[in-house]
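# Summary of structural features
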Number of protein chains: 2
Amino acid sequence: AIAVAGAVQAADLTPKEQIQTRQAGYSFMSWNMGKIKSNLEGNFSQPQVQAAAEAIAGIANSGMGALYGPGTDQDIDDVKTRVKPELFTNQEEVGEVARNFIEAADNMAEVAAFGDEAEVKKAFGQLGESCKACHDKFRKD
Amino acid sequence: AIAVAGAVQAADLTPKEQIQTRQAGYSFMSWNMGKIKSNLEGNFSQPQVQAAAEAIAGIANSGMGALYGPGTDQDIDDVKTRVKPELFTNQEEVGEVARNFIEAADNMAEVAAFGDEAEVKKAFGQLGESCKACHDKFRKD
């Protein structure tokens, strides 16, 4: 359980809350990636894929960069972070993987609205690659 | 940190992962509610409000009901849940608060895209009420 009580200002989140909130965003995206994957592997429900894609795109576009503020580069009490130091020093490369990711998420949502399964599969593969590109560079195993 | 590794099927989440994932969704919405609130209290940035509203609407429409599966009505190991038993027995009322919430979230996203501050304020108030309506009935303090 995360102690983000009620409505708080972005800038008002403590470093600990920022770590918890970014992990929450990634976890929720991951669940929705899993739903798209299982749709591609089993019965394909266009509305479910579209809803999942829109949740991911909404999170991708929400400005998660604000959740990497000062002090969020290390574990805080019982809250562990897997972020690598490079994320805080290599702004240019972070910007590039983040832009690729947002583009792939937007494309996934567009394609899902249309609903052609082969296109969805392609967009899903590209989106997954964009997650992985960031993890390879900026997340510890 | 939540142990939802890679892409998993909705139905494949363990009860523990379901609790963690629904808390992740609520926490991420809460952060975005906070951003809208601070926009209404300070400098109003229409793009930031729209992005926050779309993240909330995406999560609201993602089918979170699937995260209240069997076994998720109680704490599991170190994962505590605040859900009340009523959520699992009072399907009709749950459906009603959930529908009101989704409607309020969709309306918030629509109004945010247009960007009139007074309208945003009204939609934000209604959305907050729809969160509270659920918490009053189905979440422990």
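Residues numbered from 1 in each chain as written. Chains lettered and ligands numbered in written order. Predicted model: local features only at pLDDT ≥ 70, side-chain atom pairs only at ≥ 80, totals over all residues. Heavy atoms only, no water.

The next point concerns unusual backbone geometry. All names here are of chain A. Even without being glycine, Asp77 reaches a positive phi, approximately 50 degrees. Here Asp77 is to be found in the loop between α2 (46-60) and α3 (86-89). Residue Asp77 is classed as exposed on the basis of its relative accessible area of 57%. (Helix = DSSP H or I, 4+ residues; strand = E, 2+ residues; numbered from the N terminus. Buried < 20%, exposed > 50% of the residue type's maximum accessible area, 1.4 Å probe, protein only.)

The next point concerns the nonpolar core. Among the nonpolar cores identified, the biggest contains 54 residues, and A:Ile36, A:Met108, A:Leu127, B:Ile36, B:Met108 and B:Leu127 are the most heavily contacted of them. Elements with a minimum of two residues in this core: α1 (15-41), α2, α4 (91-114) and α5 (117-138) of chain A together with α1 (15-41), α2 (46-60), α4 (91-114) and α5 (117-138) of chain B. If near-sequence neighbours (up to four positions away) are discounted, B:Met108 is found in contact with B:Ile36, B:Ala53, B:Val120, B:Ala123, B:Phe124 and B:Leu127. (Core = buried A, V, L, I, M, F, W, Y, C linked by side-chain atoms within 4.5 Å. Contact = heavy atoms within 4.5 Å.)

Within an α-helix, residues lying three or four positions from one another point in the same direction, as the helix has 3.6 residues per turn. All names here are of chain B. Its 24 residues place the ends of α4 35 Å apart at the C-alpha level, agreeing with the 34 Å of an ideal helix rising 1.5 Å per residue. Those residues of α4 that fall on the buried side of the exposure criterion are Val94, Val97, Phe101, Ala104, Ala105, Met108, Ala109, Val111 and Ala112. Close packing links the buried residues of α4 with α1, α2, α3 (86-89) and α5. Phi for Gly115, located one or two positions after α4, is positive at around 95 degrees. (Expected span 1.5 Å × (residues − 1).)

Residue and element names in this part refer to chain A. Here Thr72 lies in the loop between α2 and α3. Note on Thr72: relative accessible area 0%, which makes it buried. In contact with Thr72, other than residues within four places in its own chain, are Pro15, Gln18, Ile19, Arg22, Leu67, Thr81, Val83 and Phe88.

To continue, consider the packing of aromatic side chains. What characterises a pair of aromatic rings is the spacing of the ring centres plus the angle enclosed by the ring planes. The final tally for this structure, using the stated rule, is four aromatic pairs over all chains. Positioned over the ring face of A:Trp31 is A:Lys35, at 3.5 Å from the centre of the ring. (Phe/Tyr/Trp six-rings, centres within 6.5 Å; stacked < 30°, edge-to-face > 60°. Lys NZ or Arg CZ within 6 Å of the ring centre and 35° of its normal.)

What follows concerns the confidence of the model for chain A. Residue and element names in this part refer to chain A. Looking at chain A, pLDDT values average 93 and 92% of them are 70 or higher. Considering only residues more than four positions removed or in separate chains, one finds that residues 1-10, a stretch of pLDDT under 50, has 24 contacts. In the model output, the complex is listed with pTM 0.95 alongside ipTM 0.95. (pLDDT = per-residue confidence, 0-100.)

Before going further, it helps to examine α2(A). The terminal C-alpha atoms of α2(A), which comprises 15 residues, lie 21 Å apart, in line with the 21 Å expected from a rise of 1.5 Å per residue. Residues A:Val49, A:Ala51, A:Ala52, A:Ala53, A:Ala55, A:Ile56, A:Ala57, A:Gly58, A:Ile59 and A:Ala60 constitute the buried set of α2(A). Elements that come into contact with the buried residues of α2(A) comprise α1, α4 and α5 of chain A together with α1 and α2 of chain B.

Let us now look at the packing of α1(A) against α2(A). Residues and elements named next belong to chain A. Contact pair α1 / α2: the axes reach a minimum separation of 9 Å and the direction vectors enclose 155 degrees. Taken as axis vectors, α1 and α2 run roughly antiparallel relative to one another. Regarding α1 and α2, the two cross each other, and that crossing is left-handed. For the pair α1 and α2, contact is made by Gly25, Phe28, Met29, Asn32, Met33, Lys35, Ile36 and Asn39 and by Gln48, Val49, Ala52, Ala53, Ala55, Ile56, Ile59 and Ala60, respectively. Residue composition of the contact of α1 with α2, by class: 11 nonpolar, four polar and one charged. (Axes fitted to C-alpha atoms, helices over the stretch in contact; angles between N-to-C directions. Parallel < 35°, antiparallel > 145°, perpendicular 65-115°, else oblique. Left-handed = near helix turned anticlockwise from the far one by under 90°. Nonpolar A, V, L, I, M, F, W, Y, C, P; charged D, E, K, R; others polar.)

A separate point is the packing of α2(A) against α4(A). Residues and elements named next belong to chain A. Orientation of α2 relative to α4, taken along the N-to-C sense of each, is 155 degrees, at an axis distance of 8 Å. Judged on the interaxial angle alone, α4 and α2 are roughly antiparallel. Here α2 runs over α4; the crossing is left-handed. Counting all contacts with α2, which are made through Gln46, Val49, Gln50, Ala53, Glu54, Ile56, Ala57 and Ala60, the residues of α4 involved are Phe101, Ile102, Ala105, Asp106, Met108, Ala109, Ala112 and Ala113. The residue makeup of the contact of α2 with α4, split by class, is 12 nonpolar, two polar and two charged.

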